[in-house]
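Per-entry structural report
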Amino acid sequence: MKKKILEIKNLHVQYKTSKGNVQAIKNVTFDIEKGESIGLVGESGCGKTTIAMAILGLLPSNGEVTEGQIIFNGEDLLTKTEEEMRQLRWLKISMIFQAAMNALNPVIRIEDQILEAILTHTPMSTEDAKARVKELYQMVGIDPTRAQDYPHEYSGGMKQRAIIAMALACNPDLIIADEPTTALDVLVRDQIISEVVKLQEELHMTMIYISHDISVIVETCNMIGVLYAGTLVEYAPTAELISNPLHPYTKGLLASYPSIKGEIKKLDPIPGEPPPLINPPPGCRFHPRNPGKEKICTEKEPILRLINDRHYVACHLV
Amino acid sequence: MASLIQIKNLTKLYPLKKSLFRKAKKMLPALNDVSFDIEKGEVLGLVGESGSGKSTCGKILVRLERATSGTITFKGKDINDLAGKSLKDYRKKAQMIFQDPYESLNPRRTVFDTLVEPLNVQHMGDITEREERIKEVLEKVELRPAEEFMYRYPHELSGGQRQRISIARALIVEPEFIVADEPISMLDASVRASFMNLMLKLKEEFNLTYLFITHDLAYARYICDRLAVIYMGELVEIGPTEELIQDPKHPYTKMLLSAVPVPDPKIKRKRIEREVHMHHSGGCTGCKFSERCPIAVQDKCPGIGKGKPELVSIEDGRFVACHRIHD
Amino acid sequence: MHPEETKKKTLKEHLKYRYHSRKKKLLFTLKGFHANWLIFKKNKMGLFGLGLLICFGLMALASFILPLIDPMYHPMTGVDPMIFSSKGPSLTHWLGTDSLGRDILSQLLVGARVAFMIGVSAAFMTVTIGTTVGLLAGYFGKTVDFLLMRFADIILVLPDLLVIIILAAVIGGGKLSIWNIVIVISLLGWAGTARVVRSQTLSLKQRPYVDAAKISGSSEFGIIHRHIVPNIIPLSLLYMTFRVTSAILVEAALSFLGFGDTSTVSWGMMLQWCWKTGHMFKAPYWLLPPGISISLITLSFYLIGRAMEEIVNPRLRER
């Protein structure tokens, strides 16, 4: 059996706000094996970024994990101190943030920024680190002679690739990418996606890919987790999820994306909006928007169950 | 039947170096000799990457900017030189909705204030009629009950609701033509779908004509009757949507289509590499796309001395601008 | 419906709309104040500044009361019949008297009143001029922007105090009345505000809702009035607090140097009298109160201004 890089068990995350406690993540459980890429898909506010932050220990000061475990390479990250987490970050788990290209320091050369990431976390010499940067640039498809440039001399797509290079620099076990292509144009986005797929195949990276765009996730990930209002409603291999979606939200989500290929079907969006997480509806959080709901949906929360080969659903109606 | 809007040789230049005393020497051509028509009742998609000039084109059509040269007619009358009252009248006929739902509404004004402003400015109806009209238009954009939304502030609305207010603001003056500049790109996936359905519904109900500006071909396919593809300020291909998507003729169109991710794991799409194949020495007066074109030919396409490729009709209603189209 | 009835209905509907919208706007503004107050409260420095300001405010109010208790407490004319030279603090004169036998405490209290008057009026005028100039320059751009901003640059570069002194010498014959001082301070101090308002206007001009207003057919004035000004006012108010500081300091300096209005008791004037009569190192009870007051009131406005900056610019807020 393949080694499990990450196991998330019954994760609950809460934010304290002036208006009350927001249950941002409730009872999320999933595993990632080595070499897999998991796509986390859902609307904005569903908690995808929160999970990433919880894994890295980067929740804001008003957020806390109230229950659950995050087991990375056999160790529970939630029991670690900040100092221990700091040693893990970048070296073992790295992250590509949303609009990360804006996170590049404009007055420092890109090569130096990547070097800093490498030298702070590994005992490499500067020479070796520079060689590594060249290697990374070749991997992500940027001309290595441009390593000395400043961020403003790069295009949007190049900056994003530089960020990916930085994330790969210390050869981490796990990479978390949070909407890495949202701010990019269609051709550039395509290039980044193909880079990611290529790197995935060459390096057997283990990755969590967070996006609201299911088309991108289908192309890059082999497992998909669907999040709704902080709960994981379905989790299955990509092909299985697309051909056999079981949760009504997943079905609705898939029906709201138009495609270039195939016939033009009328888009049938899910009516209503995601619920406010301060006061979520009782029972299943999706039931107000589900025309096929039954009484039990309004009373009891569904639990994630295994239906068939690695296909989990949290729904009373299945 | 004459088209609703006819654009001929539209060129828009922006001065590169601004100086108070001298005329700018270097000009940036945002749009270069663009010509196309928009038929009444259709949804024309204007597709291109950022910086291609598609937004500029939309702004010129609603007179937010003025064309440097060329003719633009609306129902036969030139709109580029309108001023004063005739410009104000035109503004009742052509409206626009914007990309960013958070920045398109003044945060200090209620929904009512935002919607009553065009009515006040255009002196449409009296107070009672204006209030009625606002309620009516809110119902039409499916914000029900209208009373509940009328006095809300933008921060009390979701992104999708804000975009609906934007449409309501455009609809309230009873326009014939609406430019939609990337209206869904900042909305969530499921909200996009219902917004597009709303746009289609309103088009049928009010007999509207849309120019739908986007870089997302999948959504363009869903809503547009015809597509116009624009690259660096020049129109490269135009034709009925389905034909253009199933059988693209211009290499740039092919490249764009190959770059759209498909939510079906069974289909593996073939990407077209976007690399620089040919460097232009000196100014390029020929086809701007030849630099990255996979089928460009040195002696034909960059055309030092030759002009840019003209739009030629290859089939009924399909036009392509490519030097190699007849090869 | 009868035309007459329609007219009446229209008026009634109109008034109803006006009432409802104004009520909602008022509630929104009040809610806004409350939310802003909560943010302000978190800033300890700001609260300290506010506390100081309230003390000075009370002092200013008390200045009206003191002469009523006993005419000898009048700051200009109230002379203690028993005292002929500057004396230290005593039971009748808590801060002592100046060399003419006038009560220092009452002078201090009136000084607070004068400081507020000068500070607030000069700040108000400065910010009005600065906002108008900045708005016009930012909105209309090109030539208007160029001319106004070059003019602002010139004003910015002028040394305020020196110019006022020269003006005092040339026009006022060596002295300027208090209101002339206020006017001149305003005419010299608007440039900084103008620049800030200009950049804010430039940024607001780009917003899509301004484009939408243009597409609806709004006039330039309509756009400025409805969309630009309401978003500029908070910034102007913020800058007012900083200009108050500046105005008070300029007036104090002027008075101390002897170019102020001798018929007005201000803290700067008190310092001048102290110095001119040779009591600078002999009478700390005379020297210190006005000096410390100037520093503290300036500090209080500055701290309040900084706290308000967090309200106006949400990015400065702590989580």
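Residues numbered from 1 in each chain as written. Chains lettered and ligands numbered in written order. Predicted model: local features only at pLDDT ≥ 70, side-chain atom pairs only at ≥ 80, totals over all residues.

**Some words on the overall build of chain B**
Which entries qualify depends on this criterion: Numbering goes from the N terminus for both helices and strands, where a helix is a DSSP run of H or I of at least four residues and a strand is a run of E of at least two. Our radius of gyration looks at C-alpha atoms and nothing else; its globule reference is 2.2 Å times the residue count to the power 0.38. Every C-beta atom is placed from the backbone, and the number of other C-beta atoms within 10 Å of a residue's own sets its class: buried at 20 or more, exposed at 12 or fewer, partly exposed in between. Contacts here follow a simple rule: the backbone-placed C-beta atoms of the two residues must lie within 7 Å.
The number of helices and strands found in chain B is 10 helices and 12 strands. On C-alpha atoms alone, chain B measures out to a radius of gyration of 21 Å, which is about the 20 Å that the 2.2 N^0.38 rule sets for 327 residues. Dimensions along the principal axes, computed over C-alpha positions, put chain B at roughly 70 × 60 × 40 Å. Looking at chain B residue by residue over its 327 residues, the buried ones come to 48%. Of the contacts formed within chain B by residues at least 6 apart in sequence, a portion of 60% connects residues at least 24 apart.

**Observations concerning the overall build of chain A**
Looking only at helices and strands, one finds 10 helices and 12 strands in chain A. Seen through its C-alpha atoms, chain A measures out along the principal axes to roughly 65 × 50 × 45 Å. Taking the intrachain contacts of chain A between residues at least 6 apart in sequence as the baseline, contacts between residues at least 24 apart amount to 64%.

**What to know about the nonpolar core**
Selection criterion: Residues enter a nonpolar core if they are buried, belong to Ala, Val, Leu, Ile, Met, Phe, Trp, Tyr or Cys, and are joined to the set through C-beta atoms within 7 Å. The start and end points of each domain follow an automatic or database-based domain assignment.
Ranked by internal contacts, the top residues of the largest apolar core, which has 261 residues, are A:Ala165, B:Leu211, B:Phe212 and B:Ala228. Broken down by element, the residue count for this core peaks at 16 residues, all from helix 9 (residues 220-257) of chain C. Viewed by domain, this core spans two of them, domain 1 (5-16 + 26-232) and domain 2 (251-262 + 271-327) of chain B, each represented by three or more residues. Not counting residues up to four positions away in its chain, the partners in contact with B:Leu211 are B:Ile38, B:Leu44, B:Leu46, B:Gly58, B:Leu61, B:Val179 and B:Ala180.

**A few points about the interface of chain B and chain C**
The cut-off we apply is this: The classification used treats Ala, Val, Leu, Ile, Met, Phe, Trp, Tyr, Cys and Pro as nonpolar, Asp, Glu, Lys and Arg as charged, and all other residues, Gly among them, as polar.
Taken together, the contact between chain B and chain C spans 28 residues of the former and 25 residues of the latter. For the side of chain B that touches chain C, the secondary-structure elements that each account for two or more residues are helix 2 (84-93), strand 6 (94-97), helix 3 (111-121) and helix 4 (127-140) of chain B. Looking at which element gives the most residues to the side of chain B that touches chain C, the answer is helix 3 of chain B, with 4 residues. In terms of residue class, the side of chain B that touches chain C is built from 13 nonpolar, 6 polar and 9 charged.

**Some details on the domain arrangement of chain B**
All names here are of chain B. Domain parsing of chain B yields domain 1 (5-16 + 26-232) and domain 2 (251-262 + 271-327). Placing the centre of domain 1 and that of domain 2 at their C-alpha centroids yields a distance of 31 Å. Across the boundary between the two partners, domain 1 contributes 6 residues, which contact 8 residues of domain 2. In terms of residue class, the side of domain 1 that touches domain 2 is made up of 5 nonpolar, 1 polar and no charged.

**Section: the sheet that holds strand 4 (residues 63-72) of chain A**
All names here are of chain A. Threshold: Note: two strands are recorded as paired if DSSP finds a minimum of 2 bridges between them. Note on geometry: axes are lines fitted to C-alpha atoms, helical ones only across the stretch in contact, with angles between N-to-C directions running from 0 to 180 degrees.
Reading across the sheet, the 4 strands line up as 2-1-4-5 and stay open at both edges, with antiparallel pairing between neighbours. Every other strand in the sheet has two partners, leaving strand 2 (20-33) and strand 5 (75-76) as the edge strands with one partner each. The sheet contact formed by strand 1 (residues 4-17) and strand 2 spans 10 bridges and is antiparallel. Each bridged residue has a counterpart across the sheet, and for Lys 4 the counterpart in strand 2 is Glu 33. Against the sheet, helix 1 (residues 48-56) makes contact with strand 1, strand 2 and strand 4, and its axis sits at roughly 75 degrees relative to strand 2, the strand it touches most.

**Looking at the sheet that holds strand 7 (residues 177-181) of chain B**
Residue and element names in this part refer to chain B. Taken together, the 8 strands give an open sheet; going across it, the order is 6-7-8-3-9-10-12-11, and neighbouring strands pair in mixed fashion. What marks the edges here is a single partner per strand, and that holds for strand 6 and strand 11 (311-315). Taking each pair of neighbouring strands and ignoring which way they run, the sheet shows an average axis angle of 20 degrees. Taken together, the 6 bridges between strand 9 (residues 226-231) and strand 10 (residues 234-240) define a ladder with antiparallel strand orientation. When the bridges of strand 10 are listed, Leu 227 appears paired with Gly 239. Each of strand 9 and strand 10 touches helix 10 (residues 251-258); the most contacted strand, strand 9, lies at about 105 degrees to it.

**Observations regarding the pairing of strand 6 (residues 93-96) of chain A**
The side chains of a regular strand alternate, residue by residue, between the two faces of the sheet. Residue and element names in this part refer to chain A. The alternating pattern of strand 6 places Ile 93 and Met 95 and Ser 94 and Ile 96 on opposite faces, both of which are buried. Bridging between strand 6 and strand 7 (residues 174-178) involves 4 bridges; their strand directions are parallel. Across the sheet, Ser 94 pairs through a bridge with Ile 175, a residue of strand 7.

**Describing unusual backbone geometry**
For the bond running from B:Arg144 to B:Pro145, omega is -5 degrees, close enough to zero to count as cis. Within the secondary structure, B:Pro145 sits in the loop between helix 4 and helix 5 (146-150). A positive phi is found at A:Asn171, a non-glycine position, where the angle reads about 55 degrees. Summarising the element assignment, A:Asn171 is placed in the loop between helix 5 (156-168) and strand 7.

**Here we look at the interface of chain A and chain B**
On the chain B side, the residues contacting the 32 residues of chain A number 31 residues. Within the residue set of the side of chain A that touches chain B, elements represented by two or more residues are helix 6 (186-203), helix 7 (214-220), helix 8 (238-243) and helix 9 (248-254) of chain A. Looking at the side of chain A that touches chain B, the element that brings in the most residues is helix 6 of chain A, giving 6 residues.

**Comments concerning helix 1 of chain A**
Residue and element names in this part refer to chain A. Where burial is concerned, most of helix 1 is hidden: 7 out of the 9 residues are buried. Residues Lys 48, Thr 50, Ile 51, Ala 52, Met 53, Ala 54 and Ile 55 constitute the buried set of helix 1. The positive-phi residue at the C-terminal boundary of helix 1 is Gly 57, with phi of around 75 degrees.

**Description of the confidence of the model for chain B**
Counted only if it meets this: The pLDDT value tells you how sure the predictor is about a given residue, anywhere from 0 up to 100.
Within chain B, residue pLDDT values average 86, and 90% of them lie at 70 or more. Scoring of the predicted complex yields 0.83 for pTM and 0.87 for ipTM.

**What about the pairing of strand 3 (residues 43-47) of chain B?**
All names here are of chain B. When you tally the buried positions in strand 3, you get 5 out of 5 residues, the bulk of the element. A two-sided burial pattern is seen for strand 3, the buried positions comprising Val 43, Gly 45 and Val 47 on one face and Leu 44 and Leu 46 on the other. As paired strands, strand 3 and strand 8 (residues 209-214) are joined by 5 bridges and run parallel to one another. Counted as the bridge partner of Gly 45 is Phe 212 from strand 8. In terms of strand pairing, strand 3 meets strand 9 through 4 bridges, oriented parallel.

**Notes on the packing of helix 2 (residues 44-69) of chain C against helix 11 (residues 284-312) of chain C**
How two helices sit against one another is set out by the angle between their axes and by the gap between those axes. Residue and element names in this part refer to chain C. Which entries qualify depends on this criterion: Each angle receives one of four descriptions, namely roughly parallel if under 35 degrees, roughly antiparallel if over 145, roughly perpendicular if within 65 to 115, and oblique otherwise. In a left-handed crossing the near helix is turned counterclockwise from the far helix by less than a right angle, and in a right-handed crossing that turn is clockwise.
Their axes nearest at 7 Å, the elements helix 2 and helix 11 cross at an angle of 140 degrees. In terms of axis orientation, helix 2 runs oblique to helix 11. Of the two elements, helix 2 crosses helix 11, and the hand of that crossing is left-handed. Touching Met 45, Gly 46, Phe 48, Gly 49, Leu 50, Leu 52, Leu 53 and Phe 56 of helix 2 are Leu 296, Ile 297, Leu 299, Ser 300, Leu 303, Ile 304, Arg 306 and Ala 307, all from helix 11. When grouped by side-chain class, the residues that make up the contact of helix 2 with helix 11 number 12 nonpolar, 3 polar and 1 charged.

**Some remarks on the environment of A:Thr181**
Tracing the backbone through its elements, the reader meets A:Thr181 in the loop between strand 7 and helix 6. Judged by local crowding, A:Thr181 falls into the buried class, with 23 C-beta atoms found within 10 Å.

**Focus: the packing of helix 3 (residues 104-140) of chain C against helix 9 of chain C**
Residue and element names in this part refer to chain C. Where helix 3 contacts helix 9, the two axes come as close as 6 Å, and the packing angle between them is 140 degrees. Judged by the inter-axis angle, helix 3 sits oblique to helix 9. Seen along the crossing, helix 3 lies across helix 9 with a hand that is right-handed. Of the residues in helix 9, those in contact with Ala 115, Ile 118, Gly 119, Val 120, Ala 122, Ala 123, Phe 124, Thr 126, Val 127, Thr 131, Leu 135 and Tyr 139 of helix 3 are Ile 224, Ile 228, Ile 232, Ser 236, Tyr 239, Met 240, Arg 243, Val 244, Ala 247, Ile 248 and Glu 251.

**Some remarks on the environment of A:Cys170**
Residue and element names in this part refer to chain A. Secondary-structure assignment places Cys 170 in the loop between helix 5 and strand 7. In this structure Cys 170 comes out as partly exposed when scored by C-beta crowding, with 18 C-beta atoms within 10 Å. Separated by 80 residues in the primary sequence, Cys 170 and Trp 90 have C-alpha atoms spaced 6.6 Å apart. Non-local contacts of Cys 170, meaning those with residues more than four positions away in its chain, are made with Trp 90, Leu 91, Ile 118, His 121 and Thr 122.

**Observations regarding the environment of C:Val265**
Residues and elements named next belong to chain C. As for its placement among the helices and strands, Val 265 is situated in the loop between helix 9 and helix 10 (267-276). On the basis of neighbour count, Val 265 is assigned to the buried category, with 25 C-beta atoms found within 10 Å. Separated by 24 residues in the primary sequence, Val 265 and Pro 289 place their C-alpha atoms 14 Å from one another. Filtering out sequence-adjacent residues up to four positions away, Val 265 remains in contact with Pro 75, Met 76, Gln 107, Val 110, Gly 111, Val 114 and Met 270.

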